[in-house]
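Letter by letter, the chains look like this.
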Amino acid sequence: MTDTAPLFDPVDPPDAAVARQARERQAQLTKPAGSLGRLEALSIWVASCQGACPPRPFERARVVVFAGDHGVARHGVSAYPPEVTAQMVANIRAGGAAVNTLAAVAGATVRVVDMAVDADTDDAVSDRKVRRSSGSIDREDALTDDEVRAALQAGKAIADEEIDAGADLLIAGDMGIGNTTPATVLIAAITTTEPVAAVGRGTGVDDAGWMRKTAAIRDALRRARPVVKDPVALLRTSGGADLAAMTGFLIQAAVRRTPVVLDGLVVTAAALVAHDLSVGASAWWVAGHRSTEPAHSVALAHLRLDPLLEMSMRLGEGSGAVVALPILSGAVATLADMATFDDAGVSTGESPDRTP
């Protein structure tokens with residue numbers, strides 16, 4: 001197996017003692033026990049991640065969109081041409097994408113980084129760029145050994161930058177025409193899922209496009225399976241610079257004890273690799289939504305993550321995770337701001353002790 005010791009520090013779990021305090025506080029709030037359903041579990045999770053009960057509201061939720069092109073997109077696996085990636089990077093920078101609009105509503109801010117766009121982009125987004133386009137994974141490796149390590153390190157450094165700047169919750173987003181193809185390969189390889197059960201429509205390919213995409217994924221899986229037990233080699237063979245950077249980003253967020261809301265297919269594919277690469281990292285993640293892509297459900301089941309929303313979304317960009325963010329913020333507010341029975345002078349319904 002590839003030596004990954006220098007890449008990431010060990011991941012500590014969220015604070016179990018604080019989780020117990022949060023459960024005790026939940027039992028004291030002015031509501032029937034369990035009546036807020038999953039909001040209660042989410043609030044306990046956030047408190048344990050923050051190491052504080054009651055938990056603090058999120059003050060700087062940050063979306064980082066990782067952009068990259070993939071050589072396989074030149075072979076008819078997407079409904080859009082590869083040139084759209086660079087155009088959408090500029091659109092996100094200008095604030096015109098769906099993720100920008102949704103993030104503004106949710107109280108988050110957005111950054112986009114060019115990891116492997118097959119075009120020149122602004123220096124402000126390309127300072128950590130690994131290469132122009134990743135290889136066509138149905139016939140060649142996505143990256144070289146040096147490139148996959150550079151991408152992992154870039155994702156790690158970006159997480160550090162955001163957390164050092166005050167981010168208290170992170171969301172990874174994706175932008176790249178054809179990126180659902182390598183994402184599906186990673187998921188199918190790790191979960192031993194057959195291509196026909198994993199391949200979705202991506203950006204909306206027709207039946208002929210779906211068949212081309214399935215064939216490309218089948219061929220890529222033949223190349224992926226021999227290295228599936230080595231996460232770094234798997235990213236090199238079948239991922240891409242954007243997916244590798246997301247993997248490093250997700251792991252380093254866990255190392256830095258910062259909660260993450262996962263987005264859809266592409267981000268969750270990176271999370272699967274991160275889960276294999278770093279023990280315990282997944283304890284710091286929650287799934288924002290369930291994409292319509294079939295491989296996303298396969299990946300969520302493998303990670304044992306239950307999504308917060310099912311809105312039939314398949315856009316990427318971090319958009320589904322951003323839509324789920326207000327639910328997480330609401331969960332935090334209930335635990336932090338609701339009155340207890342004692343504070344409010346509300347009876348718990350328990351009969352007082354009586355002397356016979």
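First, a word on what this report is: a plain description of the structure on this page. (Residues numbered from 1 in each chain as written. Predicted model: local features only at pLDDT ≥ 70, side-chain atom pairs only at ≥ 80, totals over all residues. Heavy atoms only, no water.)

1. Description of the overall build of the chain
Right, so step 1: When its secondary structure is counted, the chain shows 15 helices and five strands.
Right, so step 2: Computed over C-alpha atoms, the radius of gyration of the chain comes to 21 Å, within 12% of the 21 Å expected from 2.2 N^0.38 for 356 residues, which places it in the range of a compact globule.
Right, so step 3: Principal-axis analysis of the C-alpha atoms places the extent of the chain at approximately 85 × 40 × 40 Å.
Right, so step 4: Across the 356 residues that make up the chain, the buried fraction comes to 58%.
Right, so step 5: When contacts within the chain are restricted to residue pairs at least 6 apart in sequence, those whose partners lie at least 24 apart make up 77%.
Right, so step 6: By element, 50% of the accessible surface of the chain is carried by carbon and sulfur atoms, the whole surface being about 14,500 Å².
Right, so step 7: If the 33 positive side-chain charges of the chain are averaged to one point and the 44 negative ones to another, these points end up 3 Å apart. (Helix = DSSP H or I, 4+ residues; strand = E, 2+ residues; numbered from the N terminus. Rg over C-alpha atoms; globule rule 2.2 N^0.38 Å. Buried < 20%, exposed > 50% of the residue type's maximum accessible area, 1.4 Å probe, protein only. Contact = heavy atoms within 4.5 Å. Areas by Shrake-Rupley, 256 points an atom, 1.4 Å probe, with all protein chains shown as cover. Lys, Arg positive; Asp, Glu negative; His and termini not counted. Charge placed at Lys NZ, Arg CZ, Asp CG, Glu CD.)

2. As for the pairing of strand 1 (residues 61-68)
Right, so step 1: Most of strand 1 sits out of view: eight of its eight residues are buried.
Right, so step 2: By the alternation rule, side chains of strand 1 split into Ala 61, Val 63, Val 65 and Ala 67 and Arg 62, Val 64, Phe 66 and Gly 68, which are all buried.
Right, so step 3: Pairing geometry for strand 1 and strand 2 (residues 108-116), over eight bridges, is parallel. Within strand 2, the residue paired with Val 65 across the bridge is Val 112.
Right, so step 4: Across seven bridges, strand 1 lies against strand 3 (residues 169-175) in parallel orientation. Bridge pairing links Ala 61 to Leu 169 in strand 3. (Pairing = 2+ DSSP bridges.)

3. Considering the sheet that holds strand 4 (residues 260-262)
Right, so step 1: The five strands lie next to each other as 2-1-3-4-5, forming an open sheet whose pairing is parallel. Of all strands in the sheet, those with a lone pairing partner are strand 2 and strand 5 (285-287), marking the two edges. Each strand of the sheet is rotated relative to its neighbour by a mean of 25 degrees, with strand direction disregarded.
Right, so step 2: Bridging between strand 4 and strand 5 involves three bridges; their strand directions are parallel. Across the sheet, the residue bridging to Val 261 is Val 286, located in strand 5.
Right, so step 3: Where helix 12 (residues 265-277) meets the sheet, it contacts strand 3, strand 4 and strand 5, and its direction lies at approximately 120 degrees from that of strand 3. (Axes fitted to C-alpha atoms, helices over the stretch in contact; angles between N-to-C directions.)

4. Details of the environment of Ala 52
Right, so step 1: Tracing the sequence through the fold places Ala 52 in the loop between helix 2 (38-50) and strand 1.
Right, so step 2: The buried category is assigned to Ala 52, whose relative accessible area is 17%.
Right, so step 3: A sequence separation of 33 residues divides Ala 52 from Ala 19, and the C-alpha atoms of the two residues are 8.8 Å apart.
Right, so step 4: When sequence neighbours within four positions are dropped, the list of residues in contact with Ala 52 reads Val 18 and Ala 47.

Read these as spatial facts, not as claims about activity.
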